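Coordinates in review
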Amino acid sequence: MFWFRKKNIGIDLGTANTNVFVEGKGIVLGEPSVVAKDKQTDEVVAVGENAQKMIGRTPGSIVAIRPMKDGVIADFDTTAAMMEYFIVKSVGKRASKPNVVVCVPGGGTEVEKRAIIDATRMAGAKDAFLIEEPFAAAIGAGLPVNEPTGSMVVDIGGGTTDVATISLGGIVSSRTIKMAGDQMDQSIIHFIRSKYNLLIGERTAEAIKIELGSASIEASRALDNMDIRGRDLLTGLPKTISIPAEDVSEAIKEVIDGIIVAVKATLEDTSPEISADVIDRGIVLTGGGALLKNISDVIAEETEVPVFVASSPLDCVAIGTGEALNHLDLYKKRSR
């Protein structure tokens, strides 16, 4: 008989992407949080990267969806199937059922949290525990979360932006807003449709954001134009146009302003002592949105506080979630 040691895992279950941290190995998987299903049989056709490639290109009988919306479960059964795929791919079918720590956005309701725990258990976990996203991000960014000193983290994900000040192993003040990477993509789609009468898809919008996106309209003027393809709404035919980076910055300005408002509001709710610590240590940005050009400079200018991008912003939450595996007893209490 072969015995397989149980490996506990941490899952950063994001709206746009899911990262899996396996105990003793580190991050072993990072794939889009997308599932392709057959509408007639409800059978899962593909998950992750394979499903991502199908978005906007599926026949009528297959639909590619994101079962997570704004950081919460929008489709329970599909989320459970997606998590089962990620768990099996990470530890193998023959492994013992792992304990799983799942990262959730701050400010979630008890119903939303319970849904994630239930979906994780349904996916094959022995037991499931939760850790809040900004706290996990702070751990992954190397901030001294357990010391009697204040730290501030801004995690800009796909569905939500989490802002929090942290001290002595807990969140002191926080805000969670549904303005993040996905909202930037939608804003780009609407802007281009309105200004150029061109319809583009989500994947094109994301590519535009990565290539041309800048939090500063002024700084964006130094960037080159980009050719994009879509469907002309006047003729119905395919069309290629060239757009300046300034248009992209204008399109996402409302989302950037919303993030800045959340940062300021969180600072206002923070005690003078922790505010002083934040001024000394600065604000740390994590998540995919931290890679947006000039965003640290814009937030620093608006808040008059130094702002830094974490060394591995895309991995911070997953690393922090994985670190929580070393303190499962603590998260058992918090998850109850």
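Residues numbered from 1 in each chain as written. Predicted model: local features only at pLDDT ≥ 70, side-chain atom pairs only at ≥ 80, totals over all residues. Heavy atoms only, no water.

**What to know about the sheet that holds strand β6 (residues 62-65)**
Note the following rule: Any two strands with at least two DSSP-identified bridges between them are counted as paired. Only DSSP runs of H or I reaching four residues or more are called helices, and only runs of E reaching two or more are called strands; each is numbered from the N terminus. Inter-axis angles, ranging from 0 to 180 degrees, are taken between N-to-C directions of lines fitted to C-alpha atoms, where helices are fitted over the stretch in contact. By the convention used here, residues are in contact when the closest approach between their heavy atoms is within 4.5 Å.
Strand order in the open sheet formed by three strands is β5-β4-β6, and the pairing between neighbours is antiparallel. Since the sheet does not close on itself, it has two edges, and those belong to β5 (44-47) and β6, each with one partner. Strand-to-strand twist of the sheet, defined as the mean angle between neighbouring strand axes without regard to direction, takes the value 20 degrees. Two elements, strand β4 (residues 35-38) and β6, share four bridges in a ladder whose sense is antiparallel. The partner of Val 35 across the bridge, within β6, is Ile 65. Here helix α2 (residues 76-91) sits on the sheet and contacts β4, β5 and β6; the angle it forms with β5, its principal contact strand, is near 55 degrees.

**What to know about the sheet that holds strand β3 (residues 26-32)**
In spatial order, the strands read β3-β2-β1-β9-β10; together these five strands make up an open sheet with mixed pairing. This sheet does not close on itself; its edge strands, each paired only once, are β3 and β10 (127-132). The mean angle between the axes of side-by-side strands here comes to 20 degrees, regardless of whether they run parallel or antiparallel. Strand direction decides the pairing type here: strand β1 (residues 9-13) and strand β2 (residues 17-22), joined by five bridges, are antiparallel. Paired with Ile 11 across the two strands is Val 20, which belongs to β2. Strand contacts of helix α4 (residues 133-140): β9 (99-104) and β10, with the helix running at about 80 degrees to β10, the strand carrying the most contacts.

**Some words on the domain arrangement of the chain**
How we decide: Bear in mind that the domain bounds are from an automatic or database domain assignment. Accessible area that two parts lose when put together, with a 1.4 Å probe and added across both, is what the buried area reports. Here, a salt bridge means any side-chain nitrogen of Lys or Arg that lies within 4 Å of a carboxyl oxygen of Asp or Glu. Counted as a polar contact is a pair of N or O atoms within 3.5 Å, where, for protein atoms, one must be capable of donating a hydrogen and the other of accepting one, and residues adjacent in sequence contribute only when both atoms are in side chains.
One can read the domain layout of the chain as domain 1 (8-135 + 317-330), domain 2 (144-179 + 252-311) and domain 3 (181-251). The straight-line distance from the C-alpha centre of domain 2 to that of domain 3 is 27 Å. Contacts between the two partners involve 15 residues from domain 2 and, on the opposite side, 21 residues from domain 3. Here domain 2 packs against domain 3, burying approximately 1300 Å² in sum over the two surfaces, 65% of which is carbon and sulfur. If you look at where domain 2 meets domain 3, you find zero salt bridges. Run the count over domain 2 and domain 3 and you get twelve residue pairs in polar contact (both at pLDDT 80 or more).

**Some points on the nonpolar core**
The line we're drawing: Here, nonpolar core refers to any group of buried Ala, Val, Leu, Ile, Met, Phe, Trp, Tyr and Cys residues whose side-chain atoms link them within 4.5 Å. Categorising residues by exposure relies on relative accessible area from a 1.4 Å probe, with only protein chains included: less than 20% of the type maximum marks a residue as buried, more than 50% marks it as exposed, and the intermediate range marks it as partly exposed.
Core analysis: the biggest nonpolar cluster contains 43 residues, and Ile 188, Ile 200, Ile 208, Ile 228, Ile 256, Val 263 and Ile 283 have the highest contact counts within it. For this core, the leading source of residues is helix α8 (residues 245-268), giving eleven residues. The residues that make up this core include at least three from each of domain 2 (144-179 + 252-311) and domain 3 (181-251). Non-local contacts of Ile 188, meaning those with residues more than four positions away in its chain, are made with Ile 200, Ala 205, Ile 208, Lys 209, Val 248, Ala 251 and Ile 252. Membership of the second largest hydrophobic core comes to 25 residues, among which are Val 47, Met 68, Ile 73 and Val 100.

**Topic: the state of the cysteines**
Inclusion rule: In what follows, a disulfide is any cysteine sulfur pair within 2.5 Å.
Enumeration according to the criterion identifies zero disulfides in this entry. With no disulfide of its own, Cys 103 lies 11 Å from the sulfur of Cys 316, the closest cysteine sulfur. Classification of Cys 103 as buried rests on a relative accessible area of 1%. With relative accessibility at 2%, the residue Cys 316 sits in the buried group.

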